[in-house]
Amino acid sequence: MSSQKNTAKLELYRSHIEEDPMFFDKSWKILDDGIREIYRNNPGGLSFEELYRTAHNLVVQQHGQKLYGKVTETLKGHLEEICRSVEDAQGWLFLEELQKRWDDHNKALRNVRDILMYMDKAVITTFKKTPVLDLGRELWRDIVVRSSKIHGRLLDTLLELIYRERMGYVINRGLIRRTTKMLMDLGSSVYRYDFEKPFLAVSESFYSVESQQFIECCDCGEYLKKVQRRLAEELDRVSQYMDSKCADKITSIVETEMLSNHMQRLILMENSGLVNMLIDDKREDLTRMYKLFKRIPDGHSTIRSVMTSHVKETGKALVTDPERLKDPVDFVQCLLNEKDKYNEIIRVSFRNDMTFQSALNSSFEYFINLNNRVPEFISLYVDDKLRKGVKGPNEEDVETVLDKVMILFGYLQEKDVFEKYYKQHLAKRLLSGKSTSDEAERSMLVRLKTECGYQFTSKLEGMFTDLKTSQDTMQSFYATFCGYTDGLTISVQILTTGSWPTQPCTPCNLPPEITDISESFRAYYLGTHNGRRLTWQTNMGNADIKATFRYRRHELNVSTYQMCVLMLFNSADGLTYSDIEQATAIPHAELKRCLQSLACVKGKNVLRKEPMSKDISEGDTFYYNDKFTSKLVKVKIGTVVAQKETEPEKMETRQRVEEDRKPHIEAAIVRVMKSRRVLDHNSIITEVTMQLQSRFLPNPLAIKKRIESLIEREFLERDKVDRRIYRYLA
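Residues numbered from 1 in each chain as written. Predicted model: local features only at pLDDT ≥ 70, side-chain atom pairs only at ≥ 80, totals over all residues. Heavy atoms only, no water.

Draft legend 1. Inspection of the packing of aromatic side chains at higher detail. Enumeration according to the criterion identifies 21 aromatic pairs in this entry. Relative to Trp140, the ring of Trp102 lies with its centre 5.3 Å away and its plane at 55°, an arrangement referred to as tilted. One end of the pair, Trp102, is in helix H5 (residues 93-115); the other, Trp140, is in helix H7 (residues 132-145), with 38 residues separating them in the sequence. Given a relative accessible area of 3%, Trp102 falls into the buried group. The interplanar angle of 20° and the centroid separation of 6.1 Å between the aromatic rings of Phe521 and Tyr525 together place this pair among those described as stacked. Placement of both Phe521 and Tyr525 in helix H24 (residues 512-528) is noted, with a separation of four residues, approximately one turn of the helix. For the residue pair Phe521 and Tyr525, the accessibility class agrees, reading buried in each case. (Phe/Tyr/Trp six-rings, centres within 6.5 Å; stacked < 30°, edge-to-face > 60°. Helix = DSSP H or I, 4+ residues; strand = E, 2+ residues; numbered from the N terminus. Buried < 20%, exposed > 50% of the residue type's maximum accessible area, 1.4 Å probe, protein only.)

Set out below in structure tokens:
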């Protein structure tokens, strides 16, 4: 019974609503009053449940679409009032008023949406209308934001505030942040077209003008600091009150206007550009330039190109400077200092960028090979360090120096020339016992073997083997001839022909005392080694002799030639140049150098000559200088030292190098042809060059001559039709 009564009441209520012609107007009046109170921010006396039920009944009675229209008109009316209020705001209060009204509108709109929730569900779905919340924002956009008196003013106000901030003034960032968020809430297209696009356009113009002003009054370093600061400011600005997607757009504008458009002028700026930064080693400026120009197309490639040109120019000036070339050790040290400097710049400032390292290596390889004496000078540098050592507490310093030298060695195109000089210098160090460390010597060989292979160092390693063998031989000799040497001792180094850089030498006449023991050794050695031949290299030895002068006795360390000369004065007080030359048979040039070191060097002049002069002539007479004095008991005279070659010696070495290259070139040609069987001339040149470039860079003309030689010896033949094609003959 109760259920039937309730149903009857509901039907009666519906019938009553349907019969009331004023139902919609009365209901809308209730809703309209409620919405007005909400917008007046005075919803305290309202019954939201009653308002919701009223709207619900209107929708149920098929008045939903009409209700939607009425709500739209009411919202428009309220927004028009708000628009007038915002338009009346003066100065900077304009944005505050706009923001206050926007906050109020959003709050009211949410309440309106709540009471019209049923309409939202029914009408929106059926008639495809915009939900109330979105409708309210669209109306705000069209009526308020895009009002003829607000739209332009809003944009101008925002841009003016941003301009003031860029000029260093403090602005209300919170207000701008709320305003731009309002635009984003109204839709991404609203934010983009009503603010972002004009903002970017104004920014482009701003930075175009500012960059021109900066570049006219700042040096490169200062300019880049300003660019860096501007980029940081813009990113901070975006993070504070803009859409995060704007970050890439605004930084792109700064990069284009301040960097790309002035790239060449900045990098090449006189007295402060990249070249000056490199010269003055301005690490911070170089780091800043590297970071900033990484942002723009071709930025790094332009820096790399300018750096490469500068390194090549300065390097070329260094290797062709006659003053620098006077001191080989200082010359190579300058090269190492330059390499260290640029390595550090690339490591620190250019973030160890391998493209920059490759460009640096290419530049050094270019200018180092402009001077064909660099291989000799590098060998002289190594010789100096392995003789004297380097300043430092331990041998690691020597190892570090050798590592750096090997980098320069790697740049050489004529590594075989270096090998020729290194063999000479190593031989002098080993034979004179002047090397600071056997470990350092062997360490250098390991490096050379790693770089160039076993063949490159096989003869050098043979030199060490000879020294060890010589020690064993001398021990056996003295064990056999103990007591038969009359107090004299000799130490013979037996050098294998081919391993050592020995040159044809006419042995001088040794003193009788030395001749006896040397012949004893010859007999011993040949008696224990069948089929061998010994040739004394008197130009390479040294001797320790005891000499008595008026005031004290000294032990003199001299060369073999100097010993032969001094021993003559045991039986004569004075000898002419001719007498000495005839008695010793020392070659003319060597004798002059020998006498000059004995008679003309202050503090080492154990002989005196008449007439007195710095040069030796064939008319000079020499006397034993019994007044010679020295603070040292042991006096070293004429120590063998590495020196630069004279021009004739240089030409002779070059000729020997060219001769040594011939079998290498021929072997490479045969290897290529044996593999390919038939090949044209240009291809042979290319492949042979590739095979030999780790040792030296062969001249195409030299390759051609070796091909002709191989044809003559019937290793190759020319094609009968095309004479530029060669065939291998098995």
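Draft legend 2. Examining unusual backbone geometry more closely. Residues Glu610 and Pro611 are joined by a peptide bond in cis, for which omega reads -5°. Positive phi is not limited to glycine here, since Asn352 has a value of about 55°. Looking at the element boundaries, Asn352 is found in the loop between helix H17 (328-348) and helix H18 (354-368). Residue classification places Asn352 among the partly exposed residues on the basis of a relative accessible area of 43%. Non-glycine residue Ala585 carries a positive phi angle of around 60°. Following the sequence through the fold, Ala585 ends up in the loop between helix H26 (577-584) and helix H27 (588-599).

Draft legend 3. Representation of the nonpolar core in the model. Grouped together as the largest cluster of nonpolar side chains are 80 residues, with contacts concentrated most on Leu224, Phe293, Tyr422 and Leu448. Non-local contacts of Tyr422, meaning those with residues more than four positions away in its chain, are made with Ser379, Val382, Leu386, Arg429, Glu441, Met444, Leu445, Leu448 and Leu460. Ala55, Ile115, Met119 and Ile143 belong to the second largest nonpolar core, which has 65 residues in total. (Core = buried A, V, L, I, M, F, W, Y, C linked by side-chain atoms within 4.5 Å. Contact = heavy atoms within 4.5 Å.)

Draft legend 4. View of empty space enclosed by the protein. Going through the model one piece at a time under the given rule, you end up with one cavity of 30 Å³ or more. Taken as a whole, the largest cavity encloses approximately 30 Å³ of empty space. In this structure, the largest cavity is lined by Val145, His151, Leu154, Leu155, Leu183 and Asp194. For the lining of the largest cavity, the element with the highest residue contribution is helix H8 (residues 151-166), accounting for three residues. (1 Å grid on protein atoms, 1.4 Å probe; cavity = no way out; pocket = protein on both sides within 12 Å on 5 of 7 lines; lining within 4 Å. Points joined across faces, edges and corners; volume = space filled by probe spheres on them.)

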